[in-house]
Amino acid sequence: MSKKSRTFQPPTTTTGGSSTGAGAPAATPSPDTGAAPTPATPPAGAPTPRPPTTTSTSTATSRSAARRKAASSGRVSAEPSFFEKYRAIVIGAIAVVLIGGAIAVVANLSSTSANAYSCTTLLTPGPSDPVPTPRPATPVPSTPPAASIVPGTSPAPTASPEPQPTQKLGFTTQDLGRGHVDTSTKVDYDYCPPASGQHYNLGGGIAPLARDFYGPDDKLGPGNWIHNLEHGYVLLLYKGEPTAEVQQQLQAIMDETTASAFAAANCGANKVVVVRFDDMDPGVNFAAVAWDRELLLNEFDKEALLAFSNQWQDGPQTPETGLC
């Protein structure tokens, strides 16, 4: 066949996703009725044309917006800090430290008050002061007869009899000094209960102690109350746990003791403190202690303890006078 006799093949055109050309009849136009043309039926054996691929406009838009937002912000989620990660552990550890510190302080005060001392010997009752010689009785002047009294005059006043001298209770003890030491210092007292010696100077009602009745559960050592003796106080000491009646009587002595002139004018109360103290001789269950002066008793004797408190409160041997 010559080139001229070749049949001209029109180019394939794509319309609406389908091809027309040789072997594919064109769509038959419909009459001018306003209806859409009927698509041509593909020849037998021809592949079925695929519908055009469509993409959801809303999905694409949302993804694009998300990408644009991420790109424009440039933010990256920061890693949580150490405190944020371990907040509960850190707070718990701080609480444990604070509570432990408070317990340590209380334990330290208790241990230093109750156990930070030792006693070389335990005192037994010493020699008492001699009983003073009574003064001779003052003669009672006779009453003059009424007839001898000059009218308009008063009878001469009669002299009041002088009081009899009172025995000074207790006995003098060795002076052990009065230095101040830290609560970490263990003091060895030559004798117990000590009536002087090294002690604490803490203030705040701890050393010297606040004026009070301290029950059997209060563990207080000489380091606390020797400072009271230095200021002119009398300490009433008891061993163990006396009966409730005896404790009430000790409280009564504390209430009934007459305040010294200085204490009445400046302190508002007498200078008597009651404290438990167990480091006493087996034959001693009660003691009244002033600076360098003691009265030791086996049995409770309210009158003797009261008399000692009145005699030796702010006594002449007190090293620091004029203090409450």
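To start, this report covers the structure provided alongside it. (Residues numbered from 1 in each chain as written. Predicted model: local features only at pLDDT ≥ 70, side-chain atom pairs only at ≥ 80, totals over all residues. Heavy atoms only, no water.)

What to know about the overall build of the protein
- Counting secondary structure elements, the protein contains seven helices and nine strands.
- Sorting the 324 residues of the protein into buried and exposed places 28% on the buried side.
- For the protein, restricting intrachain contacts to residue pairs at least 6 apart in sequence, the fraction spanning at least 24 positions comes to 70%. (Helix = DSSP H or I, 4+ residues; strand = E, 2+ residues; numbered from the N terminus. Buried < 20%, exposed > 50% of the residue type's maximum accessible area, 1.4 Å probe, protein only. Contact = heavy atoms within 4.5 Å.)

Structural notes on the packing of aromatic side chains
- Scanning the entire structure with this criterion turns up six aromatic pairs.
- Taking the centre distance of 6.3 Å and the plane angle of 10° together, the rings of Phe-213 and Tyr-238 count as stacked. A residue pair is termed long-range when its members are at least 10 positions apart, and Phe-213 in the loop between β5 (187-192) and α4 (222-230) and Tyr-238 in strand β6 (residues 234-238) qualify at 25 residues. Per residue, the accessibility class of Phe-213 equals that of Tyr-238, and both read buried.
- Three or more aromatic residues joined by ring pairs make a cluster, and in this case those are Tyr-117, Tyr-189, Trp-225 and Phe-277. (Phe/Tyr/Trp six-rings, centres within 6.5 Å; stacked < 30°, edge-to-face > 60°.)

Quick notes on helix α5 (residues 244-256)
- With 13 residues, α5 ought to run about 18 Å at 1.5 Å a step, and its terminal C-alpha atoms sit 18 Å apart, in line with that.
- Inspection of α5 places Val-246, Leu-250, Ala-252, Ile-253 and Met-254 among the buried residues, and these make up the whole buried set.
- Residues of α5 that are buried sit in contact with β6, β7 (272-276), β8 (286-290) and α7 (302-312). (Expected span 1.5 Å × (residues − 1).)

Comments concerning the sheet that holds β7
- Taken in spatial order, the five strands line up as β4-β9-β8-β6-β7 in an open sheet, and their pairing is mixed. Both edges of this open sheet fall to β4 (171-172) and β7, since each of them pairs with a single strand only.
- Pairing of β8 with strand β9 (residues 293-297) involves five bridges; the strand directions are antiparallel. Across the sheet, the residue bridging to Ala-288 is Leu-295, located in β9.
- Against the sheet, α4 touches β6, β7 and β8, its axis set at about 145° to β6. (Pairing = 2+ DSSP bridges. Axes fitted to C-alpha atoms, helices over the stretch in contact; angles between N-to-C directions.)

Section: α7
- Of all the eleven residues making up α7, eight are buried; the element is thus mostly covered by neighbouring parts of the structure.
- Every buried residue belonging to α7 is among Lys-302, Ala-304, Leu-305, Leu-306, Phe-308, Ser-309, Gln-311 and Trp-312, and all of these are buried.
- Next to the buried residues of α7 lie β6, α5, β7, β8 and β9.
- Where α7 begins, the capping side chain belongs to Asp-301, and its oxygen is found 3.2 Å from the backbone nitrogen of Glu-303. (Polar contact = N/O pair within 3.5 Å; in protein donor to acceptor, adjacent residues only side chain to side chain.)

Quick notes on the nonpolar core
- Of all hydrophobic cores here, the largest spans 30 residues; its most connected members are Trp-225, Leu-235, Leu-237, Val-275, Phe-277 and Val-289.
- Of all elements in the fold, only β5, α4, β6, β7 and β8 reach the threshold of two or more residues within this core.
- In terms of residue count, the dominant contributor to this core is β5 (four residues).
- The residues touching Leu-237, leaving out its near neighbours within four places in the chain, are Pro-193, Trp-225, Val-275, Phe-277, Asn-285, Phe-286, Ala-287 and Val-289.
- Val-234, Leu-250, Val-272 and Leu-305 belong to the second-largest nonpolar core, a separate cluster that totals 21 residues. (Core = buried A, V, L, I, M, F, W, Y, C linked by side-chain atoms within 4.5 Å.)

Digging into the state of the cysteines
- One pass over the full model with this rule turns up two disulfides.
- Residue pairing for Cys-119: its cysteine sulfur links by disulfide to Cys-192, the two sulfurs lying 2.0 Å apart. Between Cys-119 and Cys-192, the S-S torsion sits near -75°, and that sign places the bridge as left-handed. Taken together, the residues Cys-119 in strand β3 (residues 117-122) and Cys-192 in strand β5 connect sequence positions 73 residues apart.
- Judged by relative accessible area, which is 0%, Cys-192 ranks as buried.
- For Cys-267, the disulfide goes to Cys-324, at an S-S distance of 2.0 Å. In this structure, the disulfide formed by Cys-267 and Cys-324 twists by about -95° around the S-S bond and is classed as left-handed. Of this pair, Cys-267 sits in the loop between α6 (261-266) and β7 while Cys-324 sits in the segment after α7, placing them 57 residues apart in sequence. (Disulfide = S-S within 2.5 Å.)

A look at the pattern of salt bridges
- Inspection of every chain in the model, using the stated rule, returns six salt bridges.
- Residue Arg-178 is joined to Glu-320 by a salt bridge in which the shortest nitrogen-to-oxygen separation is 3.2 Å. Remark: Glu-320 occurs in the segment after α7 and Arg-178 occurs in the loop between β4 and β5; sequence separation between them is 142 residues.
- Looking at Glu-320, the relative accessible area reads 21%, which means it is partly exposed.
- Counted as one network, the salt bridges with shared partners bring together Arg-178, Glu-230 and Glu-320. (Salt bridge = Lys/Arg side-chain N within 4 Å of Asp/Glu carboxyl O.)

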